[in-house]
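Summary of the model geometry
Below, each chain spelled out in residue letters.
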Amino acid sequence: MLSNSLPSAAVQREPVPMLDLTRQYESIRDEVQAALERVLTTQHFIGGAELESFERESAEYLEVRASVGCASGTDALWLALLAAGAGPDTSVVTTPFSFFATVSSIVRCGATPVLADIDPATLNLDPHGAAAALKRARSHKVRAVMPVHLYGQCANMDEFDWLAQEHKVAIVEDAAQAFGAKWRDRKAGALGTAAGFSFYPTKNLSAYGDAGCVTTSDEELAAHVRRLRNHGSRQRYYHEEIGWNSRLDAIQAGVLRVKLKHIDDWNQQRRMLACRYHGLLVNAGLVQAGAQSVESRAPIALLSSLPEAYHIYHQYVVRAWRRDELRSFLAGQGIGTEVYYPVPLHLQECFAYLGYRAGDLPESERAAKEALALPMFPELREDEQQRVAAAIAEFYSR
Ligand SMILES: Cc1ncc(COP(=O)(O)O)c(C=O)c1O
């Protein structure tokens, strides 16, 4: 079944990390240090020119009217949802196959999450499932739909645009994993009413600590988020509404400004690496074309990349037969992998009060058992990818 064209993993046993940020730092060290020095020289750490420059430059890059820096991606989603009208007695439709903050941000607004299943081809929220959930939840006053651009691929935004118009709801993108991704010719972050980005250190555009931003082309919504992130205040010590402290600090803004200049190259490199993984896995005889299921004869299934999507491969994820055993085998070979996400959010203990049961959202549950992320970062080398593919082939040939 399996080709012998790959170098044997038994021969090469160099570790392959899931992510190695030191390689990126080596390539931008001087620029980052100059940016840090600039901020340290001014001793202006909160607000000010560095933050304003990042907000202007990121808005220009994403082609939106406003980018509002926040303390994290989690806060960005929460503030974007609040500003879009989510609150008590409202609900928000989203996917259970995402990071916890996708759903917790809804709960934090006082709203009710309504969960719909995913498209098994991409693992993104299925617009048809979302439409059905919208109809079911009509009485709960759905205020927004929150598609997640999972792994760096935009959800089907043609369908979500249509849903927004049909049902008069806001679209709040969870764009945490998708800086620079596109749907047709528009970038993630510019595709709905508002969006939340995360700049957590492992993200494709990442800070040196927690950071995030809200993007929107609705000036009023942007002004609202600016107030909410700063104690509900436009003018110091005058509070029009209750807000919080969720600001992006100047040091993080300085780092992000440096990395913004490189993001297109890095994303392009990720796409090239994804293409190479694809070739390696197919050539090793591990994949059956078009399959969405995994079994002993075709143990790896590749996710689909939609033609309208410019996928930036924040993560390179496949479905894998006997996923957990494969993962342990790879770990034994020094190869890092991750599972995004092992428990779908509707089955998390803390969301039991929402009333979902095992079997309710079967595609999300299947993905949670099969999805495996392979090492992916722009500086990953060809020999490392070959080693990953060879080790996977070795596991399935035993
Ligand atoms: C899909 C998704 N949503 C939200 C978040 C939350 O972002 P943060 O960790 O910056 O709070 C993350 C990242 O962790 C994410 O991957």
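Refer to the structure above for everything that follows.
Attention in this report is confined to the structure presented alongside it. (Residues numbered from 1 in each chain as written. Predicted model: local features only at pLDDT ≥ 70, side-chain atom pairs only at ≥ 80, totals over all residues. Heavy atoms only, no water.)

**A short note on the environment of Met272**
Counting through the fold element by element, Met272 comes out in helix H9 (residues 263–283). The partly exposed category is assigned to Met272, whose relative accessible area is 33%. (Helix = DSSP H or I, 4+ residues; strand = E, 2+ residues; numbered from the N terminus. Buried < 20%, exposed > 50% of the residue type's maximum accessible area, 1.4 Å probe, protein only.)

**As for empty space enclosed by the protein**
Taken as a whole and assessed by the stated rule, the structure comprises one cavity of 30 Å³ or more. By volume, the largest cavity amounts to about 70 Å³. As for the largest cavity, its lining consists of Leu19, Asp20, Leu21, Gln24, Pro201, Lys203, Asn204, Ser206, Arg270, Phe377, Pro378 and Glu379. When the residues that make up the lining of the largest cavity are grouped by side-chain class, the tally is five nonpolar, three polar and four charged. (1 Å grid on protein atoms, 1.4 Å probe; cavity = no way out; pocket = protein on both sides within 12 Å on 5 of 7 lines; lining within 4 Å. Points joined across faces, edges and corners; volume = space filled by probe spheres on them. Nonpolar A, V, L, I, M, F, W, Y, C, P; charged D, E, K, R; others polar.)

**A look at the state of the cysteines**
Applying the stated criterion to the full structure yields zero disulfides. Counting only cysteine sulfurs, Cys213 is the nearest neighbor of Cys70, a cysteine outside any disulfide, at a range of 7.0 Å. (Disulfide = S-S within 2.5 Å.)

**Some details on the sheet that holds strand E15 (residues 371–374)**
Within the open sheet, the three strands sit side by side as E12-E14-E15. Their pairing is antiparallel. With partners counted over all chains shown, the strands left at the sheet margins are strand E12 (300–302) and E15, one partner each. Strand-to-strand twist across the sheet, computed as the mean angle between neighbouring axes with direction ignored, equals 40°. Summarising the sheet, strand E14 (residues 316–320) and E15 pair through four bridges and their orientation is antiparallel. Note that in E15 the partner of Val317 across the bridge is Ala373. (Pairing = 2+ DSSP bridges. Axes fitted to C-alpha atoms, helices over the stretch in contact; angles between N-to-C directions.)

**A look at the site of the ligand**
Taken together, 16 residues surround the ligand, and among them Gly73, Thr74, Asp174, Ser198 and Lys203 come closest. Gly73 is positioned with one of its backbone polar atoms (N or O) 2.8 Å from an oxygen atom of the ligand. Between Asp174 and the ligand, the recorded distance is 2.8 Å, taken from a side-chain N or O atom to a nitrogen atom. Top contributing element to the shell around the ligand by residue count: helix H3 (residues 73–83), with three residues. Split by residue class, the shell around the ligand holds seven nonpolar, seven polar and two charged. (Near = heavy atom within 4 Å. Polar contact = N/O pair within 3.5 Å; in protein donor to acceptor, adjacent residues only side chain to side chain.)

**A short note on the pattern of salt bridges**
All chains considered together, the criterion is met by 25 salt bridges. A salt bridge links Asp158 to Arg184, with the shortest nitrogen-to-oxygen separation between them at 2.5 Å. Of this pair, Asp158 sits in helix H6 (residues 157–167) while Arg184 is found in the loop between strand E6 (182–183) and strand E7 (186–187), placing the two residues 26 residues apart along the sequence. Residue Asp158 is classed as partly exposed on the basis of its relative accessible area of 29%. Here Arg186 ties to Asp161 by a salt bridge, and the two come within 3.8 Å at their closest N and O atoms. Here Arg186, found in strand E7, pairs with Asp161, found in helix H6; they are 25 residues apart in sequence, far enough to count as distant. Of the residues examined, Arg186 reaches a relative accessible area of 37% and is grouped as partly exposed. One salt-bridge network, in which partners are shared between bridges, spans Asp20, Arg23, Arg381, Asp383 and Glu384. (Salt bridge = Lys/Arg side-chain N within 4 Å of Asp/Glu carboxyl O.)

**Let's talk about the packing of aromatic side chains**
A full pass over the atoms with the stated rule returns 15 aromatic pairs. Taken together, the ring pairs connect Phe54, Tyr61, Phe179, Phe197 and Phe199 into an aromatic cluster. Here the guanidinium or amino end of Lys187 rests over the ring plane of Tyr61, the centre of that ring lying 4.1 Å away. (Phe/Tyr/Trp six-rings, centres within 6.5 Å; stacked < 30°, edge-to-face > 60°. Lys NZ or Arg CZ within 6 Å of the ring centre and 35° of its normal.)

Function cannot be inferred from these measures alone, as they are strictly geometric.
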